[in-house]
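The primary structure of each chain is shown beneath.
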Amino acid sequence: MTFRGSILVVLVFGVIQLRAQSLEYRFSLVDEGTLNKVRIETPLNYNNQILPQSSESNITAANLFLGYGGFMTSLNFNALTDNLKIPEYEYTIRELSLDLSLTDELDITIGKKILKWGPGYAFNPTGVAEPQRSPSDPSDRLGRNEGRKLATITAFFGRSSLTFVYINDVRYESSKLYWSEQEFALRAYTFINGFDLSLIGHYKEGGRFKAGLNWAKVIGSSLELHGEVLLKKGSSTQYHRAIIIDNEQRIFAANPYATLFNQSKRIFYKILLGGQYTFENGINIVLEYYHDAEGLNKLEWKRWMKFIKFHNSIQQGSITADPVLIEASRLNILWALQTLSPRGTMSDYIFIRQYYSTGSWSFEFIQFLNAQDFSAVIIPSADLAISEHVSFYSRLTSFIGGSDSEFGALFNSCYLNIGIRFQL
Amino acid sequence: MNSKLLKIFYAALITVFAYEVQAQSIAAREKKPGNAERLTADEILHLSDYSRNGWDTYFVRTTIQNFEDNKLKEEGVFDVSIKGTDKTLVKFLNADVKGQYLLMVDDDMWIYMPNTRKPIRITPLQRLMGNASNGDVARTRYAQDYTALFKREENIDGIPCFVLELNAKRDGSTYIKIDYWITKTTLRPQKAEIYLTSGKHYKTIHFDVYKEIRGRMLLTQLTITDRLREGRTTIMKYSGYTQKEIPEKYFNKDYLGKLR
């Protein structure tokens, strides 16, 4: 069958299944103001000049979800203002897909969609087909996560299912399609003896085959335990060359990143162990430990920080250099900052979340702890629902730790978000 | 008849009567008097479930109202689809939780959060809303979850009831122990007192209103009173009972993201 023929078959199935369906919609409008205490003294961002951080900002985010039969779309519109730049507007199609039931046991999905596969709360190493996200905002309060462009076929067998996914983050720009690397993923899920159990395989063109499994189990009426593990041979992750040897006094003339373990036979693994417990008074606690063998170890982090500090000294003027070298040094800091990841740069993390709701009030306390240098992000928040349509929230995010630590060296020491949310 | 024979006759009569009384007492513990004379406690429990569940596979809209000191604090509306004795799917309809689904298969529960597009495994104690636990909405067939023991008979508001003690069959049951009042004549639930593992009296449920719906008397309202937090009550109302076929895959965790 030709490509056009396949599209036609899909559309015919779609039209048949759209009949007699009702429109489902959700709409939310969030306005969030942020006050930010910038960390002027950090070597990562000398005097707030390398990557200037705003001290005040505001975002208005509108999210619209429409579902009609198997068709669904999720649209996001953002208006951002801060004290440094002119207002920016963003429009994103977060999801746009068509789910079709070929039979009672067989479904296909085509389009842009968010697929979540792991049971982890803050970390999902087996979420090989899902968008990147931050452990400090697991609920994606502003609706900024985007789906991937994919086609899936899922077969359901009672309490089991088998899903095959083809992913290609193709872009359409200037009347032309730009195909990306192809990705293939397979998941076999079953529910057996109270265990949610999934086996996962993933391959990306030019990358390494990854295999993993995840599970979840409830014990008694209060305790849930879960875990995920993902393995691969070698790593295509790019590392800054400064982490390899103790020689921080270097200025790179070209992009200093390289795949250090691409040909390695070493097994790289990501592992998550976690659980949640609900107390009789309704307080819920989530605890997770995450290890990522591709993250930096303490020595590598120390070398990276020394490299940053060397270039910070050039920026400060405590090491004299001519203007060309100062600019090259600034560029080196910008390159080095690409090592940082909102999901954590090092290899061991602990995530804790306490949650309590009294009805109209709900309280959440998140602690995201680097288990190697003991720096942390702590986020207490409170949410007050005035009605089912309107709520207010406040959220204080503090980055604490030593000046050489991951979170203690970040650009901001704390920020406060205050928001209002309207929902339909 | 001489007096000796008369004494033997009376002795025999007393023995038989005593035996009959003892036998009836044992029967009262194991089988029940009244119309349900020949039913065991488990059978009474099983029959009482019929007035909380219209058909094998059906849909019902459930409204939950939470009160604090007699003031309405919040109201939640849910579409509940039940298939067989072990599968329940709850769709959340309020604006602040729209798009959420709760899936329960046997004792196991998942909640699908539309923000994160993710089904999360949850425990039975996690609350749906106010005093109503997930199990209060999703698990309405107590005979599946509890074994029953006959405790006594008692009048509630002048209505004669059997009092059963229900004990969880499995760790995953919503509650560990329930004292359950079932009317003798109609075998409908009248009241439940729920206890925590610690032995604390947790909730009292009054099954307030039954209505005839398509030839069946079905529960349309119950009230939950929180015994740990003074002044908190929850009213659950059931409407729109509809017998309906629901595809099996709707009760697969992987399908939650496709539901509308």
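The rules behind the values
Within each chain, residues carry numbers counting from 1 in the order of the written sequence. Chain letters and ligand numbers both follow the written order, the letters beginning at A and the numbers at 1. Thresholds applied to this predicted model are a pLDDT of at least 70 for local features of residues and 80 or more for the giving and counting of side-chain atom pairs; totals over whole chains, interfaces and linings are not thresholded and use all residues. Values shown for side chains rest on all heavy atoms present in the structure; no hydrogens or waters enter the calculation. Any two residues whose heavy atoms approach within 4.5 Å are treated as being in contact. Two parts placed together each lose some accessible area under a 1.4 Å probe, and the buried area is that loss summed for both. Throughout this description, the term salt bridge denotes a Lys or Arg side-chain nitrogen within 4 Å of a carboxyl oxygen of Asp or Glu. We count a stretch as a helix when DSSP gives it H or I for four or more residues in a row; a strand needs E for two or more, and each element gets its number in order from the N terminus. Buried, partly exposed and exposed residues are distinguished by accessible area as a fraction of the type maximum, computed with a 1.4 Å probe on protein chains only: under 20%, between the cut-offs, and over 50%, respectively. Pairing of aromatic side chains here covers Phe, Tyr and the six-membered ring of Trp, requires ring centres within 6.5 Å, and sorts the geometry by plane angle: under 30 degrees stacked, over 60 edge-to-face, intermediate tilted. Axis lines are fitted to C-alpha atoms, over the contacting stretch for helices. Their N-to-C directions set the angle, which ranges from 0 to 180 degrees. What sets the label is the angle itself: under 35 degrees gives roughly parallel, over 145 gives roughly antiparallel, 65 to 115 gives roughly perpendicular, and the rest give oblique. Take the far helix as your reference; a near helix turned counterclockwise from it by less than a right angle gives a left-handed crossing, and one turned clockwise gives a right-handed crossing. By the convention adopted, Pro, Cys, Tyr, Trp, Phe, Met, Ile, Leu, Val and Ala count as nonpolar, Lys, Arg, Asp and Glu as charged, and the other residues, Gly among them, as polar.

Draft legend 1. Structural detail: the interface of chain B and chain A. The interface of chain B with chain A comprises 42 residues on the first partner and 64 residues on the second. A combined buried area of about 4,200 Å² lies between chain B and chain A, and 45% of that area is made up of carbon and sulfur atoms. Of all residues in chain B, the largest losses of buried area upon contact with chain A belong to Arg117, Arg121 and Arg260 of chain B, amounting jointly to 19% of the total for that side. Between chain B and chain A we count eight salt bridges in total. Residues Glu95 of chain A and Arg117 of chain B are paired through a salt bridge, measuring 2.4 Å at the closest nitrogen-oxygen approach.

Draft legend 2. Structural detail: the pattern of salt bridges. Residue and element names in this part refer to chain A. The tally for this structure, following the rule as stated, stands at 35 salt bridges over all chains. For Lys85, the salt bridge is made with Asp82, and the minimal N-O distance between the two is 3.1 Å. Residue Asp99 is joined to Lys113 by a salt bridge in which the shortest nitrogen-to-oxygen separation is 3.1 Å. A residue pair is termed long-range when its members are at least 10 positions apart, and Asp99 in strand β4 (residues 88–101) and Lys113 in strand β5 (residues 106–113) qualify at 14 residues. Neither Asp99 nor Lys113 differs from the other in exposure class; each is buried.

Draft legend 3. Molecular detail of the packing of aromatic side chains. For the coordinates displayed, the defined rule picks out 28 aromatic pairs over all chains. With 6.0 Å between their ring centres and 35 degrees between their planes, Tyr58 of chain B and Tyr241 of chain B make a pair best called tilted. Of this pair, Tyr58 of chain B sits in strand β1 (residues 57–68) while Tyr241 of chain B sits in strand β15 (residues 232–243), and the two are 183 residues apart along the sequence. The residues Tyr58 of chain B and Tyr241 of chain B share a single accessibility class, namely buried. Pairwise contacts between aromatic rings join Phe123, Tyr290, Tyr349, Phe368 and Phe407 of chain A into one cluster.

Draft legend 4. Just the packing of helix α2 (residues 298–316) of chain A against helix α3 (residues 323–337) of chain A, in detail. Residue and element names in this part refer to chain A. Orientation of α2 relative to α3, taken along the N-to-C sense of each, is 150 degrees, at an axis distance of 9 Å. In terms of orientation, α2 lies roughly antiparallel with respect to α3. Considering only the axes of α2 and α3, their crossing is left-handed. Only Ile326, Ser329, Arg330, Asn332, Ile333, Ala336 and Leu337 of α3 make contact with α2, whose side of the interface consists of Trp304, Phe307, Ile308, His311, Asn312, Ile314 and Gln315. Grouping the constituent residues of the contact of α2 with α3 by class yields eight nonpolar, five polar and one charged.

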